[in-house]
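# An overview of the molecular structure
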Amino acid sequence: MSQKIIVDPITRIEGHLRIEVVVDENNVVKEAYSGSTLWRGIEVIVKGRDPRDAGFLTQRICGVCTFSHYKAGVAAVENALGITPPLNALLTRTLMNSALFLHDHIVHFYQLHALDWVDIVSALSADVKKASDLAFTFTPNPYATGADKLLEVQKRVKTFVDKGNLGPFANAYYGHSTYHLSPEENLIALSHYLECLRIQRIIAQCMAIFGAKNPHPQSLTVGGVTCVMDLLSPARMGEYLEKFKEVADFVNRAYYPDLIMAGKKYATEASVVNDVGVPNLFTFQEFQLGANEWLFESGIIKNGDLSKAYEVEEDKITEEATHSWYKNDAPLHPYDGETEPNYTGLVDGESIDHHGKVVKTKNFNTAGKYSWIKAPRYDGEAMQVGPLANIAVNYVKGNKYVVPVVDGFLKATGLPITAVLSTLGRTAARCIEAKVVADNTLIAFNNLVENLKTDQSTCAPYVIDPNKEYKGRYIGNVPRGTLSHWCRIKNGVIENWQAVVPSTWNASPKDSKGKGGSYEECLIGLKIADVKQPLEIIRKIHSYDPCIACSVHVMDTKGNDLSEYKVNVNV
């Protein structure tokens, strides 16, 4: 007898995501549906605006990926108008982008994803001396794992437990049968969890050095950057350098060793291996290091074949809405995309509650429309984007920055390269991507310093003919994967804008052919140990680092207030 499990909302993500699965009598997932319950409307907001305003508006798509959408909104207009920013501006954007990537990846692993792998309660019974010694088996120079430090961490968390409240660690499925780290390994990861709270503040400051603030920096403009005084200040440049080195040290001595530790212990856990989801992988060039050098390259991998990578053909990208709450179901290229809502609601149904009882619920109308997320496709096929795709494509293409790190990780864990095609692989690839960024960003920094000695230009002139029509796009790779913004400009203002974001690719509902996105596909065949505690579902979905706020937004086109808040600044 089949039963439905609903996880709504998925927590420890950005935005509102609902997952529905149908399991058989053995608790094996036979059907899966991914949907969001908020409407996306940023494309409507930017219509009729001056193109120079686009970046400031699109960065409000999300409070996490702010720089990603800011840069995309600015670069799409530059592409449309044929404006090439000076090298100083492009390298400055790389430094800001590196700060975003490292902030995003470390916070995702520790604050958002770690509790899917780490049993915090187990860490309280760890032998601190044994844990301290164990840390040296994963790196010759462990981070914050001295016996005195680990004892302090243990006491801090025990204080929560003694009060009957685990605080930030509450509401997890501790003791679940699919946790595999020992008490000592859990304690090591717990120490790094707490250290990350401090380190993430430092990398946010790196963004603010050139962006004036974080989140929502404000130093990018169509044609370049405006942070001229910061670039010409040895003190400001030195501040970025020292702070970045401190964060890179955390990545190499804490984050990377923790993934080696997890990779070894979870290599045989059935719920996180052999579950690639969509095996078609898509990534795009990102991180300019010099005048003609990039850290990551573009490419496509088809059907999980790691022997060959194909070049990207942009005209093959479409979005459709067969199962999305929009009026036009046709597969449209983003230049011609439409964002006209058509909400058809949920339907009456049943599901299992957290006590294991069958109850009446409102469910997705899986035969019709069930998500505000559209269904992007490449040449008619669903694609997976993100660090897994980026690292796999660049490894297959022989990228000199990526290959040594991947080979080192595989040697340390004993895993084959095919292990990347899994939930465990997605989590590991995000760490590998962070390490590649941490180890190579200073190439761009040093090139910027050298270029400033002979060229201090930071912005190209803004030139537009109001009598001409333009179209342009940005395509690149951001923390959650391939991001693209597509615009049309007419009469000197924006006529149409479409953003196809990473979580739209991965979280898409089924298309007209019944093909689901990677969230849905990776859940098929999953055996759930306890339907009352579906940790396996959450672990898989978290491995994508969902940003549903990027995929959907809410607004009222009539200008009505949706909600009102008052903040007492004197408190």
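The following refers to the structure shown.

The rules we used
- Residues numbered from 1 in each chain as written.
- Predicted model: local features only at pLDDT ≥ 70, side-chain atom pairs only at ≥ 80, totals over all residues.
- Heavy atoms only, no water.
- Helix = DSSP H or I, 4+ residues; strand = E, 2+ residues; numbered from the N terminus.
- Rg over C-alpha atoms; globule rule 2.2 N^0.38 Å.
- Buried < 20%, exposed > 50% of the residue type's maximum accessible area, 1.4 Å probe, protein only.
- Areas by Shrake-Rupley, 256 points an atom, 1.4 Å probe, with all protein chains shown as cover.
- Lys, Arg positive; Asp, Glu negative; His and termini not counted.
- Charge placed at Lys NZ, Arg CZ, Asp CG, Glu CD.
- Disulfide = S-S within 2.5 Å.
- Phe/Tyr/Trp six-rings, centres within 6.5 Å; stacked < 30°, edge-to-face > 60°.
- Pairing = 2+ DSSP bridges.
- Axes fitted to C-alpha atoms, helices over the stretch in contact; angles between N-to-C directions.
- Contact = heavy atoms within 4.5 Å.
- Parallel < 35°, antiparallel > 145°, perpendicular 65-115°, else oblique.
- Nonpolar A, V, L, I, M, F, W, Y, C, P; charged D, E, K, R; others polar.

## Looking at the overall build of the protein chain
When you go through the protein chain residue by residue, the secondary structure sums to 17 helices and 16 strands. Here the protein chain has a C-alpha radius of gyration of 23 Å; the compact-globule value for 571 residues is 25 Å, and the two agree. Seen along its three principal axes, the alpha-carbon backbone of the protein chain occupies a region of about 70 × 60 × 60 Å. The buried share among the 571 residues of the protein chain stands at 59%. For the protein chain, the exposed surface amounts to about 22200 Å²; the carbon and sulfur share of it is 51%. A gap of 2 Å separates the mean positions of the 59 positive and 65 negative side-chain charges of the protein chain.

## Considerations on the state of the cysteines
Under the defined criterion, the tally for this structure stands at 0 disulfides. As a non-bridged cysteine, Cys459 has Cys227 as the owner of its nearest cysteine sulfur, 11 Å distant.

## A look at the packing of aromatic side chains
A full pass over the atoms with the stated rule returns 24 aromatic pairs. Pairing Tyr240 with Phe445 gives two aromatic rings, centres 6.1 Å apart and planes at 5 degrees, and the pair type is stacked. Placement of the pair is Tyr240 in helix α10 (residues 234-266) and Phe445 in helix α13 (residues 423-452), with a sequence separation of 205 residues. With respect to burial, Tyr240 and Phe445 carry one shared label: buried. Ring centres of Trp325 and Trp372 lie 5.4 Å apart, and the angle between their planes is 65 degrees; this geometry places the pair in the edge-to-face category.

## Thoughts on the sheet that holds strand β15 (residues 481-490)
Whether parallel or antiparallel, the strands of a sheet pair through hydrogen bonds between backbone atoms. The strand order across the open sheet built from 3 strands is β14-β15-β16, with neighbouring strands paired in antiparallel fashion. Single-partner strands in this sheet number two, and they are β14 (470-478) and β16 (493-500). Strand-to-strand, the axes of this sheet are offset by a mean angle of 15 degrees, without reference to chain direction. Of the pairings in the sheet, the one linking β14 to β15 comprises 9 bridges and is antiparallel in character. Among the inter-strand pairings, Val478 is bridged to a residue of β15, identified as Gly481. Across the face of the sheet, helix α3 (residues 66-81) comes into contact with β14, β15 and β16 while running at roughly 145 degrees to β14.

## Notes on the side chain of Ser98
By the secondary structure assignment, Ser98 is in helix α4 (residues 87-113). Each residue touching Ser98, except ones within four places of it in the same chain, is listed here: Tyr240, Phe244, Phe287, Val437 and Thr441.

## A look at the packing of helix α7 (residues 147-162) against helix α8 (residues 183-211)
Contact pair α7 / α8: the axes reach a minimum separation of 10 Å and the direction vectors enclose 80 degrees. As judged from the angle between their axes, α7 and α8 are roughly perpendicular. Between α7 and α8, the residues in contact are Lys149, Leu150, Val153, Gln154, Arg156 and Val157 and Leu187, Leu190, Ser191, Leu194 and Glu195, respectively. Classifying every residue of the contact of α7 with α8 by side-chain character gives 6 nonpolar, 2 polar and 3 charged.

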